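As a plain string of letters, each chain reads:
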Amino acid sequence: MSMEFTDRLTRVEPSATLAISALATELENEGADVVDLSVGEPDFPTPENIVEAGKDAMDAGHTGYTTSAGIIDLREAIADKLADDGLDHGPEEIIVTPGAKQALYEIVQALIGDGDEVVLLDPAWVSYEAMVKMAGGDLTRVDLSDSDFQLEPALDDLADAVSDETELLIVNSPSNPTGAVYSDAALEGVRDLAVEHDITVISDEIYKEITYGVEPTSLGTLEGMADRTVTVNGFSKAYSMTGWRLGYFAGPEELIDQAGKLHSHSVSSAVNFVQHAGIEALENTDDAVSEMTEAFAERRDLVVDLLEDHGVDVAVPEGAFYMMLPVDDDDQAWCEGAIEDAHVATVPGSAFGTPGYARISYAASEERLEEGIERLAEEGYL
Ligand code: PLP
């Protein structure tokens, strides 16, 4: 039997981050001690009160299907959180998903059809490209690498890239993979272009809670953006809940109605007891989030200092837990060599649309970060 797969799938690459992680696991299974700086996963356990809330919810029998969009108590808690960020969305404008990735997938599927134009800011998180291609859309990419990954100096390039044909722009601040937090002036520039060309914008705010001395503005709070912004967030990063799979999106009701059909016909709902744990996360976990963020800030400083000691300057991240390390033009070969020779896993910048860099995740412990950088230096990779 020979199968015919759709172009939409065959033109998509498997996730580069997950591929490197799989390689790291393979080496570990062979007995190697791999320092894994590839994976975007906090190394902290999920805060105990959230775990307990999940267990309690299971004990209380919250194990059946829920309303497709998510239980009302969680959507109300999310609406309150969004209100704290200055965003006005009632529960009817929110869909709870199994992870922010699913949220992004549903929005892109709802908005993008064959030949629709989508603009990405490079380097851009790996799955955006795949999602757009799976929906049949076409990509235009704006390179931010000449401006230390900041958007404000590159607004003219963005203006050249968008047109009345542009359907969707995806903005991710704090950014994966650069850790950049875009300035208010940059976001206002996005707003002006979005309004001028009638563009819908996804604001992926999954790292909003993890910042170092800056307060990122939510794009949807800017005048003119409320009814053209879809805000995405989730629990994986801020609450160290990657495997619980819980995220959400909030946007204009019309979009929620359309995406809601896709959601109900595909995932039904996020896991019932996980949704209950999500309420606890939103309502009672501020201290744990601050502690984790402080730890990330220390790790960031450590890595920046260690790299500087080896003569490597990086654009210092202001949020998330990633930074871009400038490497050889052939970043793919650099990353393969680094994992084979130094047993240090990183992700090639080309996976994010920006060759010449490797992404380091500093969600690992200080000891592992020190060990990883030492090994890269010893093997001649710094
Ligand atoms: N958006 C960005 C920028 C991410 O980095 C990630 C995960 O790495 C996601 C969305 C998806 O997160 P989740 O684990 O909630 O699916």
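Residues numbered from 1 in each chain as written. Predicted model: local features only at pLDDT ≥ 70, side-chain atom pairs only at ≥ 80, totals over all residues. Heavy atoms only, no water.

Per an unreviewed UniProt entry, the protein chain goes by Aminotransferase and derives from Natronolimnohabitans innermongolicus JCM 12255. If you open the UniProt record of the protein chain and go to Sequence similarities (unreviewed entry), you find "Belongs to the class-I pyridoxal-phosphate-dependent aminotransferase family." On record in UniProt, under Subunit (unreviewed entry), the comment for the protein chain is "Homodimer." (UniProt positions renumbered as here; feature names shortened; annotations may be inferred.)

Moving on, we come to empty space enclosed by the protein. Here the structure, examined in full by the defined rule, presents 3 cavities of 30 Å³ or more. When its volume is computed, the largest cavity comes out at roughly 60 Å³. Lining the largest cavity are Leu 120, Leu 121, Pro 123, Ala 124, Trp 125, Tyr 128, Ile 170, Val 171, Asn 172, Ser 175, Asn 176 and Tyr 182. Where the lining of the largest cavity is concerned, the elements lending two or more residues are strand S3 (117-122) and strand S5 (166-172). Taken together, the residues of the lining of the largest cavity sort by class into 9 nonpolar, 3 polar and no charged. Lining the second largest cavity are Val 171, Ser 173, Leu 187, Ser 203, Glu 205, Pro 216, Thr 217 and Leu 219. In terms of residue class, the lining of the second largest cavity is made up of 4 nonpolar, 3 polar and 1 charged. (1 Å grid on protein atoms, 1.4 Å probe; cavity = no way out; pocket = protein on both sides within 12 Å on 5 of 7 lines; lining within 4 Å. Points joined across faces, edges and corners; volume = space filled by probe spheres on them. Helix = DSSP H or I, 4+ residues; strand = E, 2+ residues; numbered from the N terminus. Nonpolar A, V, L, I, M, F, W, Y, C, P; charged D, E, K, R; others polar.)

What follows concerns the site of the ligand. Near the ligand lie 14 residues; those nearest to it are Ala 100, Asn 176, Asp 204, Tyr 207 and Ser 236. Between Ser 236 and the ligand, the recorded distance is 2.7 Å, taken from a side-chain N or O atom to an oxygen atom. Arg 245 is positioned with one of its side-chain polar atoms (N or O) 2.7 Å from an oxygen atom of the ligand. Compared with its free state, where it exposes 390 Å², the ligand has 92% of that area covered by protein. Here the shell around the ligand gets 3 residues from one element, more than from any other, and that element is helix H5 (residues 100-111). Its residues assigned to classes, the shell around the ligand shows 6 nonpolar, 4 polar and 4 charged. (Near = heavy atom within 4 Å. Polar contact = N/O pair within 3.5 Å; in protein donor to acceptor, adjacent residues only side chain to side chain. Areas by Shrake-Rupley, 256 points an atom, 1.4 Å probe, with all protein chains shown as cover.)

Two faces make up the sheet, and in a regular strand the side chains alternate between them. Side chains Ile 94 and Val 96 of strand S2 (residues 94-97) all project onto a buried face; the interleaved residues Ile 95 and Thr 97 project onto the opposite face, where all are buried too. Of the pairings in the sheet, the one linking S2 to strand S8 (residues 247-250) comprises 4 bridges and is antiparallel in character. For Thr 97, the partnering residue across the bridge sits in S8 and is Gly 247. (Buried < 20%, exposed > 50% of the residue type's maximum accessible area, 1.4 Å probe, protein only. Pairing = 2+ DSSP bridges.)

This next bit is on the environment of Asp 138. Here Asp 138 is to be found in strand S4 (residues 138-143). With 79 residues separating them along the chain, Asp 138 and Asp 59 place their C-alpha atoms 47 Å apart. Apart from the residues within four sequence positions on either side, Asp 138 is in contact with Arg 11, Gly 115, Asp 116, Glu 117, Val 118 and Val 132. (Contact = heavy atoms within 4.5 Å.)

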